[in-house]
Amino acid sequence: MLNINQRLQEVFGEAIQASCPELDNPPLSIAPSQQAKFGDYQCNSAMSMSQMLKAKGIKMNPREIAEKIIKNLPDNELVQKTEVAGPGFINIYLQKTFVSKQLSNLLINGVQPPPLPSKKKVVVDFSSPNIAKEMHVGHLRSTIIGDSMCRLFEFLGYEVLRLNHVGDWGTQFGMLIAHLQDMFPDYLTVSPPIGDLQAFYKESKKRFDTDEEFKKRAYQCVVKLQSKEPEFIKAWNLICDVSRTEFQKIYDCLDIELIERGESYYQDLMVEVVKEFEKKGLMELDEGRKVVFPPGQPIPLTVVKSDGGYTYDTSDLAAIRQRIFEEKADIIIYVTDSGQSTHFQVVFAAAQLIGWYDPKVTRVEHAGFGVVLGEDKKKFKTRSGDTVRLMDLLDEGLKRSMDKLKEKERDKVLTPEELTKAQRAVAFGCIKYADLSHNRNNDYVFSFDKMLDDRGNTAAYLLYAFTRIRSITRLAKIDEATLKKAAETTEILLDHDKEWKLGKCIQRFPEILQKILDDLLLHTLCDYVYELATTFTEFYDSCYCVEKDRQTGEVIKINMWRMLLCEATAAIMAKSFDILGLTPVERM
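The shown structure was predicted, so the numbers you read here are calculated from the model rather than taken from an experiment.

**Some points on the overall build of the protein chain**
Move 1: The helix and strand tally for the protein chain stands at 21 helices and 16 strands.
Move 2: Sequence separation of 24 or more characterises 73% of the internal contacts of the protein chain that already satisfy a separation of 6 or more.
Move 3: Looking at the protein chain as shown, the accessible area adds up to about 28,100 Å², and 49% of this sits on carbon and sulfur atoms.
Move 4: Between the averaged position of the 78 positive side-chain charges in the protein chain and that of its 86 negative side-chain charges there is a distance of 3 Å.

Printed below as a string of structure tokens:
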């Protein structure tokens, strides 16, 4: 698909350069028009250019500049006409035949991304729960946002490495192993039946805090684990496996794929990190600790503790080094809560200080997010004040979505299998979409009632809308082969203003994706899909796709170009759902 905004930038960029060659880097501002009377797009560069010329002692009003830009427009395939409006805006009207051809291409070739100039490798670090602890609602945000970012990069043709940086190393494993040895002395030969790892963790923590003898043994276990003694590695693996099984249940529900690469993976690499910082003279001693002070940063990094142990800072430095040099990543994105933004800012500054990467060449970014709030606008907790278990939340979503489907009497028309599919699509789709449709930088209020509402910008509304659009061709008894042939032979007419509005909206898809690629804010895609669905409703209410006899209800006429517009809308919605991790169903 062609990014129309980008193509307009090329055309107007050339004209702007030719109009004012005396300006270095003149501003190039092209945006879709907010109202049809101002054309389809607007170029708003003339006002800023007038200010820049004024600074050079050249007087030229913005309208004059706009006229010059129009005169210098090169021949192109997409602009039908332009006009200067107001103080110097240029209203741009697109060629309808051009948009029509683009829509035909979309139907013939499928939803294809614009070609990548070069294949790049992206590492996305997301989800990252802690072993021996339950996944909670904070991990939900990281998991959903990170997965959607990966899906976007994958669709655009990047090589993506999805990493789960689990907390699988550290002093807490000493107490867990010591407790395991006491509770299941034969753990080396008989797999211990740890059903509830959370309770197991709490028991060991209680002993660690109250029993000095146990505490001593726990520290000895840490030393033996770090020395990689086989029976301690076996105990550690057993504990990790119990957690992995629990995590996987959640990943299966949400259709998430990840490669686990926890803190333990970077243990040996930390030694190299310390050596390199010392060799380059970037380490300082501070009350027995070895620290690094990256310039301009509010806090130092503690690379080695006073007892000789390593910290999160050390493992994050080892991880970024491995991702740059071994994975050869062009883009590295960390998806964690905004509370860690200062930490990552300092880690990135240290990595630049030591010369591991140049931010002009390698894009390293922390995509932070706000906290999940309950409907009382306080941190989301259970009634007893505990953190909400993620599995309980997903089960609650399933229950509520089934209630909603039964309320709409869908259980009377769908087969049991179709009903279960719809239940899962609505439950998990609503939880994901509620998160993604909010600007990730903000906190958001978790409300099942709002998520499952089938009015407004919700997954429930969009999934129903998609199912309705898909049913139009089915009810008109048009098969896939007929649609395929029509896409190749029927011109898509865009004469009615609602046809034109829908056609242009469909064609904005590539520019929406480009914007998200730049700022990693996925709510833009949610806003776009909602706009597409409501624009489609306006079109469908005003333009007959299928004309029927009022008495008999028999189909008299099929307006095939409009059926093709239905298909193009559904294709873009399906691809958007795919990027957002939603699963549409044919019947709902």
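**Details of the state of the cysteines**
Move 1: Tallied over the full model, the rule gives zero disulfides.
Move 2: Here C566 is not disulfide-linked; the sulfur of C545 is the nearest cysteine sulfur, at 3.7 Å.
Move 3: Given a relative accessible area of 1%, C566 falls into the buried group.

**Description of helix α1 (residues 4–19)**
Move 1: Here α1 contains 16 residues, and its C-alpha end-to-end distance of 22 Å stays within 8% of the 22 Å for a straight helix at 1.5 Å per residue.
Move 2: All of the buried residues in α1 are I4, N5, L8, V11, F12, A15, I16 and S19.
Move 3: Measuring from the backbone nitrogen of N5 back to the side-chain oxygen at the start of α1 gives 3.2 Å, which picks out N3 as the cap.

**Considerations on the pairing of strand β16 (residues 555–558)**
Move 1: Here strand β15 (residues 546–548) pairs with β16 via three bridges, running antiparallel. Residue pairing in the sheet places V546 in a bridge with I558 of β16.
Move 2: Taking the residues that link successive antiparallel strands as the turn, the β15-β16 hairpin has six residues, and the phi of G553 there is positive, at about 75 degrees.

**Topic: the sheet that holds strand β1 (residues 30–32)**
Across a sheet, paired strands are connected by hydrogen bonds in the backbone, their directions being either parallel or antiparallel.
Move 1: An order of β1-β2-β4-β3 is seen for the four strands of this open sheet, with the pairing classed as antiparallel. Each having just a single partner strand, β1 and β3 (79–85) make up the two edges of the open sheet. Between one strand and the next, the sheet's axes are offset by a mean angle of 25 degrees, whatever the strand orientation.
Move 2: For strand β2 (residues 41–43) and strand β4 (residues 89–94), the ladder comprises three bridges, and the chain directions are antiparallel. Bridge assignment links Q42 to a residue of β4, and that residue is N91.
Move 3: Sheet contacts for helix α3 (residues 62–71): β3 and β4; angle to β3, the most-contacted strand, approximately 165 degrees.

**Remarks on unusual backbone geometry**
Move 1: A positive phi angle, near 75 degrees, is found at S127, a position not held by glycine.
Move 2: Position of S127 relative to the elements: it lies in the loop between β5 (121–125) and α5 (137–155).
Move 3: With a relative accessible area of 2%, S127 lands in the buried category.
Move 4: Even without being a glycine, K477 presents a positive backbone phi close to 60 degrees.
Move 5: Looking at the element boundaries, K477 is found in the loop between α16 (459–475) and α17 (480–489).

**Some words on the side chain of T467**
Move 1: Tracing the backbone through its elements, the reader meets T467 in helix α16.
Move 2: Within the structure, the side chain of T467 is placed 2.8 Å from the backbone oxygen of L463, a separation counted as a polar contact.
Move 3: Discounting residues that sit within four places of it in the chain, T467 has contacts with V585, E586, R587 and M588.

**Concerning the packing of aromatic side chains**
Move 1: Enumeration according to the criterion identifies 16 aromatic pairs in this entry.
Move 2: Aromatic pair F155 and F509: ring centres 6.4 Å apart, planes at 45 degrees, arrangement tilted. With a gap of 354 residues between them, F155 in helix α5 and F509 in helix α19 (residues 509–519) connect regions that are remote in the sequence. Here the two residues F155 and F509 agree in accessibility, since each one is buried.
Move 3: Residues F536 and Y540 carry aromatic rings whose centres are separated by 5.8 Å and whose planes lie at 15 degrees to one another, so their mutual orientation is stacked. With F536 and Y540 both in helix α20 (residues 523–542) and four residues apart, this pair spans about one turn of that helix.
Move 4: We classify F536 as buried; its relative accessible area is 5%.
Move 5: Directly above the ring of Y265 sits R261, whose terminal nitrogen or CZ lies 4.7 Å from the centroid.
Move 6: Stacked on the ring of Y464, the Lys or Arg K408 has its end atom at 4.6 Å from the ring centre.

**Structural notes on the packing of α5 against α19**
Move 1: Between α5 and α19, whose axes approach to 11 Å, the crossing angle comes to 125 degrees. Taken together, the axes of α5 and α19 are oblique relative to one another. Crossing geometry of α5 relative to α19 is assigned as left-handed. Taken together, the residues of α19 that come into contact with α5 (itself represented by L152, F153 and F155) are F509, L513, I516 and L517.

**Observations concerning the sheet that holds strand β8 (residues 284–286)**
Move 1: In space, the three strands of this open sheet follow the order β8-β9-β10, with antiparallel pairing throughout. The open sheet has two free edges, formed respectively by β8 and β10 (301–304), since each of these has just one partner strand. On average, each strand axis in the sheet is tilted by 50 degrees relative to the strand beside it, whichever way the strands run.
Move 2: Where β8 lies against strand β9 (residues 289–292), three bridges are found, and the strand directions are antiparallel. Note that in β9 the partner of E284 across the bridge is V291.

What counts and how
- Residues numbered from 1 in each chain as written.
- Predicted model: local features only at pLDDT ≥ 70, side-chain atom pairs only at ≥ 80, totals over all residues.
- Heavy atoms only, no water.
- Helix = DSSP H or I, 4+ residues; strand = E, 2+ residues; numbered from the N terminus.
- Contact = heavy atoms within 4.5 Å.
- Areas by Shrake-Rupley, 256 points an atom, 1.4 Å probe, with all protein chains shown as cover.
- Lys, Arg positive; Asp, Glu negative; His and termini not counted.
- Charge placed at Lys NZ, Arg CZ, Asp CG, Glu CD.
- Disulfide = S-S within 2.5 Å.
- Buried < 20%, exposed > 50% of the residue type's maximum accessible area, 1.4 Å probe, protein only.
- Expected span 1.5 Å × (residues − 1).
- Polar contact = N/O pair within 3.5 Å; in protein donor to acceptor, adjacent residues only side chain to side chain.
- Pairing = 2+ DSSP bridges.
- Axes fitted to C-alpha atoms, helices over the stretch in contact; angles between N-to-C directions.
- Phe/Tyr/Trp six-rings, centres within 6.5 Å; stacked < 30°, edge-to-face > 60°.
- Lys NZ or Arg CZ within 6 Å of the ring centre and 35° of its normal.
- Parallel < 35°, antiparallel > 145°, perpendicular 65-115°, else oblique.
- Left-handed = near helix turned anticlockwise from the far one by under 90°.

Keep in mind that these numbers describe shape and distance, not what the molecule does.
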